[in-house]
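Coordinates in review
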Amino acid sequence: MQEALIMAKRAWNEGEVPVGAILVLDYQLIGRGWNSTINRHDPTAHAEIIALKAGGKILHNYRLLNSTLYVTLEPCVMCAGAMIHSRIKRLVYGASNTKTGAASSLFDILQHPRLNHQIEITSGEMDEECSYILSDFFRQLRKRNRTRF
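What counts and how
- Residues numbered from 1 in each chain as written.
- Predicted model: local features only at pLDDT ≥ 70, side-chain atom pairs only at ≥ 80, totals over all residues.
- Heavy atoms only, no water.
- UniProt positions renumbered as here; feature names shortened; annotations may be inferred.
- Contact = heavy atoms within 4.5 Å.
- Phe/Tyr/Trp six-rings, centres within 6.5 Å; stacked < 30°, edge-to-face > 60°.
- Buried < 20%, exposed > 50% of the residue type's maximum accessible area, 1.4 Å probe, protein only.
- Helix = DSSP H or I, 4+ residues; strand = E, 2+ residues; numbered from the N terminus.
- Expected span 1.5 Å × (residues − 1).
- Arc of directions from axis to C-beta.
- Patch = residues over 30% accessible without salt bridge, like charges linked within 9 Å, V, L, I, M, F, W, Y side chains within 5 Å.
- Areas by Shrake-Rupley, 256 points an atom, 1.4 Å probe, with all protein chains shown as cover.
- Salt bridge = Lys/Arg side-chain N within 4 Å of Asp/Glu carboxyl O.

The next point concerns the UniProt feature "active site" (unreviewed entry) in the chain. Cross-referencing UniProt, the feature "active site" (unreviewed entry) maps to Glu-48 in the present numbering. Non-local contacts of Glu-48, meaning those with residues more than four positions away in its chain, are made with Ala-21, Leu-69, Val-71, Leu-73, Pro-75, Cys-79 and Met-83.

So, in structure tokens, the structure goes:
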């Protein structure tokens, strides 16, 4: 999760919402990503999607069997769908996302019994650190926006 936090800080430095992700297979990092939706003008450029794409390129396969995705924030519906399609084995995330979380907070897509693949979930990993970077980012953004006008 430390590496995912480094990716989140990279997103922050680029003016993006600070979410980071890494993909690991057999103790090897095979993908990393950070939110890049604003700079790429791409609504799908979430940290998780970027990490999954990188892993697919490394493995030369869209199936990422037996891999684990570490993310600083609970994934949204789009990212949860990509995880199911890629067949990752496990998700580990830090902060819960009560507004759009699809791993248990709002929806529980990753373990839905009617889907053909379910993903193991570990939540709350380094929750305080992951939550803090997000709340601090938005606090500073609000402060900056107030002083502009």
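This part is about the packing of aromatic side chains. Applying the stated rule across the entire model yields two aromatic pairs. Measuring from ring centre to ring centre gives 5.1 Å for Phe-137 and Phe-138, while their planes differ by 80 degrees; the resulting arrangement is edge-to-face. Judged by relative accessible area, Phe-137 falls into the buried class, the value being 7%. On the accessibility criterion, Phe-138 (33% relative accessible area) is partly exposed. Cluster of aromatic residues (ring-pair linked, three or more members): Trp-12, Phe-137 and Phe-138.

In this section: helix H1 (residues 2–13). Here H1 spans 17 Å end to end across 12 residues, near enough to the 16 Å set by a 1.5 Å rise per residue. All of the buried residues in H1 are Ala-4, Leu-5, Met-7, Ala-8 and Ala-11. Considered in projection along H1, the buried side chains sweep an arc of 155 degrees and stay on one side of the axis. Those residues of H1 that are exposed and aimed more than 90 degrees away from the buried face are Gln-2 and Asn-13.

So, on to a nonpolar patch on the surface. Where nonpolar side chains cluster on the molecular surface, the patch consists of Val-77, Leu-106 and Phe-107 and spans about 250 Å² of accessible area. Mapped onto the elements, Phe-107 comes out in the loop between strand S4 (90–95) and strand S5 (120–123).

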